[in-house]
Every structure is written in C-alpha cells, then in structure tokens.
Amino acid sequence: MLAKVQNGASLRAFACLLLVTGLAVTGCAPSPPGLWGGAANSATPATPWRPKNPATQPLAARTPASAVVQGGSPRSALTLADAVDIALRNNPATRLAWAQARDAAAQYGASRGEWFPTLDGRGTFTRLKTVASQGRSAVEQNSYGPSLELSWLLLDVGGRSGRIESSKQALVAANRLHDATIQDVVLEVESAYFQFVAQRSLFEAQHVSFAEADTNLAVTEKRRAAGVATIAEVLQARTARAQARLSAERTEGDLQTARGLVALALGDPSHLDYDVDITAEAVPIAAIADSVDALVASATEARPDLAAARARVFAAEAEVRAARGARLPSLDLNANTGRTYTSALGRGAGSYNMTFGATVPLFSGFTAEYRQQSAAARADASRAAFDRLQQQVAFQVFQSYYALRTARQRVHTAEELLAAATQSAEVARAQYKAGVGSVLDLLNAQSALATARSERVDARLTWHTALVQLAHDTGRLDERGQTGLRLAPDSTDTESP
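Counting starts from 1 at the beginning of each chain's written sequence and moves along it residue by residue. Restriction of local features to residues with pLDDT of at least 70 applies here, the model being predicted, together with a cutoff of 80 or more for giving and counting side-chain atom pairs; totals for whole chains, interfaces and linings are based on all residues. Only heavy atoms go into the side-chain values, all of them from the structure, while hydrogens and water stay out.

### Regarding the confidence of the model for the chain
Predicted confidence across the chain gives a mean pLDDT of 82, with 81% of residues reaching 70 or more. Across residues 22-27 the pLDDT falls below 50, and counting only partners more than four positions away or on other chains, this stretch makes zero contacts in the model. The low-confidence segment residues 492-497 (pLDDT under 50) makes 23 contacts with residues lying over four places distant or belonging to another chain. What pLDDT conveys is the predictor's confidence in a given residue, as a value from 0 to 100. Any pair of residues with heavy atoms lying within 4.5 Å of one another is described as a contacting pair.

### A closer look at the packing of aromatic side chains
Aromatic rings from Phe, Tyr and Trp, taking only the six-membered ring of Trp, are treated as a pair when their centres fall within 6.5 Å; an angle between ring planes under 30 degrees marks them as stacked, one over 60 as edge-to-face, and anything in between as tilted. Per the counting criterion, the structure on display carries six aromatic pairs. Centre to centre, the rings of Y144 and Y341 are 5.6 Å apart; their planes meet at 20°, and the pair counts as stacked. One end of the pair, Y144, is in strand β3 (residues 140-155); the other, Y341, is in strand β6 (residues 330-342), with 197 residues separating them in the sequence. Under the scheme applied here, a residue whose accessible area is under 20% of the maximum for its type counts as buried, over 50% as exposed, and between as partly exposed, the area being computed with a 1.4 Å probe on protein chains only. Overall, Y144 belongs to the buried group, its relative accessible area being 5%. By relative accessible area, which is 21% here, Y341 ends up partly exposed. Relative to F194, the ring of Y193 lies with its centre 6.0 Å away and its plane at 85°, an arrangement referred to as edge-to-face. Of the residues examined, F194 reaches a relative accessible area of 5% and is grouped as buried. Taken together, the ring pairs connect F125, Y144 and Y341 into an aromatic cluster. Over the aromatic face of Y432 sits the side chain of R223, whose NZ or CZ is 4.4 Å from the ring centroid. Runs of H or I in DSSP of at least four residues are treated as helices and runs of E of at least two as strands, each being numbered from the N terminus. Distance and angle both matter: a charge sits over a ring if NZ of Lys or CZ of Arg is within 6 Å of the ring centre and within 35 degrees of the ring normal.

### Observations regarding a nonpolar patch on the surface
Candidates for patches are residues over 30% relative accessible area with no salt bridge; among them, like charges are joined within 9 Å and nonpolar side chains (Val, Leu, Ile, Met, Phe, Trp, Tyr) within 5 Å. Here the Shrake-Rupley method, with its probe set to 1.4 Å, supplies the accessible areas, and only the displayed protein chains count as covering residues. We define a salt bridge as a contact between a side-chain nitrogen of Lys or Arg and a carboxyl oxygen of Asp or Glu at a distance within 4 Å. A cluster of nonpolar side chains, W152, L154, L155, L331, M354 and F356, forms an exposed patch at the surface whose accessible area comes to about 580 Å². When residues of the nonpolar patch are traced back to their parent elements, those giving at least two are β3 and β7 (349-359). Among the elements that take part in the nonpolar patch, β3 stands out by supplying three residues, more than any other. On the secondary structure map, L155 appears in strand β3.

Following this line, the structure appears as structure tokens:
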C-alpha cells in the first residue's frame, strides 16, 4: 500500500514537472532574428526599414511633426509635414504592409529552427491487466515514466539552407514593399494636399475676378445713368458678373471635395475641420539639376519595389536549391531516453536508444523532379518580372522627368500670360472709363485675366505634383515628404502654388 502511495505521489510530481516545463518553454516568444546586423522590421508602420547593410542607402533621421492636434479637434494651419506624419500613422495601407512584414519576419525565424534539433518531452502512464490462462495468474500492473525524444537533421545537400534563404529573401521583399507603401502614401497625401492648396488659390482668384466684375458693372451702370452707355452694355456687364460668381461657387464645391481627399489620405475622412499652411513648404519653381540618365540609375538602386522584386528573384533561386536538395541524400539523428516506473520497480529503470540514419530518395513517382522543374520555372518568372519592372521604372522616371521640365516652362508662360492679361485689363478699364473703349473690350480683357489666373494656379499645381511624382519614381521620396532631388532655383520665381 505504501508503494502505491509513493508511486502515485511520484506520478503527480512528474506530471506537474512536465506541465510547468512545457508552459515555460512554449510561453517564451523570442523576437524575430535580425538581418545584416539590424532589426528584422521597422519599428512602426510609419517608418521605413533601415538595415545596417552597407549596400543600403540610409535615409535621414525622422523628425516628429509639430503643432498637430489629434482626435476630433480642429487641425488649424496644417502644414505639409504635419499631413504626411498624420497620414503615415493613420493610413491603413502602412499598417497592412507593416503587419505583412512582421509576419515574414516570424516566418523567417521559424525557418531558422531547421538548423536546431527537435526535442520533445513525453510522459506516459500505462495500466496493464492480463487474463489468467493456462495456469498463469492474472497480472495487474501500472507503469509510467518520463522520456526525451530528439530528432536532428545533421546534413543535407542544400535543401535546408535553400528553404531558410528563401524565407530570408521573402522577409527582405516584405520590408521593401512596406517602404514602397510608405512612399505611395506620401505621394497620395502630397498630391491631395497640393490639389487642395490649388483649389483654395483658385477660389481666392475667382473671388478677385468677381469683385472686378462687380466693379465693372457699377461703372457701366454709372455710365448709363450719365447717358453714355446703353442697357445692352449693362446687361452684358451683369452677365459677366453672374458668370464670375458661378465660377466661384463651382470652385467652392471643388474646394470642399479636395478637402475631403486630404482627409481621406490622412486616414481621417470623417473630420474636415482644418486649414492648410503652406508658408513653411514654399518650394521655388526650379529646374532639375540631375540628368535623366542619372535619375534612372539612381532609381535602379533606390526604388523599394524594385528591391523587393530583386529579393523575390533571390527567394525563387533559393527555392530551386531547396527542391534540388530534396532529391539528394540526407543524414539524421534520432535518440530517445527515458525512465520507467512500475509497481515492481519502485526506483524505476532507465533506457535509451540512438539511431544515425541516412535517407537516399530513390523514387517518388517523379514528384521531386517536377517540383524542381516548377521551382525553376518560378525563378525564371520572377527574373522576367524583375526585368519588366526595371524597364517600367526607367520609363516612369523618363516620363516624370520631362513632365517636370514641361511643367516648369508652363509656369513661366503662365506668369507671362498673367502679366500681359493684367495690363490689358487695366488699359481696357481705363479706356472704358474715359469713354474711348467698348464694354466688350473690357469684358473680354477681364475674362482673359480670369483665365490667366486659373492657368497660373493650375501650372503651379502641375509643377509641384510633377516634382513629387519624380521623387517617388526615383525612390527618393522619404517619410517626411522631402523629395531629395537636386534643384537649380530660377531667379524668376520663389512662390508656392
């Protein structure tokens, strides 16, 4: 009876030990392994990945946005830097890409486990009862005990290393795609921001045109009261005034739509109570200092989506090595040790076994061969996809480069048009007041002036948008909204849109 009590106490103690050990081991959540001496992922969804790799160009340190009011409070005087910072923290696209990168980091950590042995602890309890037969007495016995099982792949020919390298390159690709998503979000918010600024500037310009049309109507009515103008001239002036007012009202609606697009890019479409402040973002209208060939070469190195495609090529080539290794011999070790307690062996007895084994794949219905062919085809496809993307990147840089050059020339032409239209309107107004000009000349000159103002606003919007697009296409657009492009400022212009 005492032996049974002791055995029961030992069994309970052994079960508790296994439970505590299992919880302690499985409860440990190690951080994903780093890459190239740096972290496996970026710290937050809003920051790009910066590994300590000499081949990777580091970005400037990120500075926090200033004077940003969160929540539902009004965002007064929202600067471009504030808008970019809020968008990167709120936009779901960055959080999605960051989560996918962290998933890839965990997958890489899991794949590295193939270098280590697998160790399992087991605990068994067996109750045996036999039937008495042929002169043998019935046997009733309890047996239990702990055991450790070890399994370790000691050697294979490229299979394990290929799988780990493929997982590593998948992590690199996921991090680079996260960086590309950050640049996409910055491009989206800056484009929406400049669109809102342009609509506001256009709204203000059309209010000026409306005030001038109102003045022209007053002058026409005064001349009619003096008997030197006809009712037709008054009606024409009223028509011009109504058209100016209609244009201002239509632009006011477009302004609110642009405000909503900015809020959507910020990841906060339900709050529209903010204004913008562009005094700190006044970028001079300038020429690009680098040649298009230099920018294409820079994009080949800096574009994160191109780096992700390159990593996918490496991952596919590693999968080919893994598939080839599955067809070659491997060497493994299996070991087991334990101790068994029974009713008859109160102190228990130990046992162990160890096996070295070699596995030589002979035939599997050509499954392994076809898997290797499939991996090779995927590698060819990934290389073709990389080459195609590289060509697209070169074209995008080429297109953005000349779009920026054209936009710069358009800004200068719009400035000349505005200056000429302003002088023409002033002369027409003076002549009409002096009685030597017609009302049609005045209204035509006023219409041309309003068009010139709109053209100036649109030309500046196009230039700023083209500048940000070129920075994005070359991979230089950073998480603070800085373009990183070398500009040669023109002496004729230093204003923002």
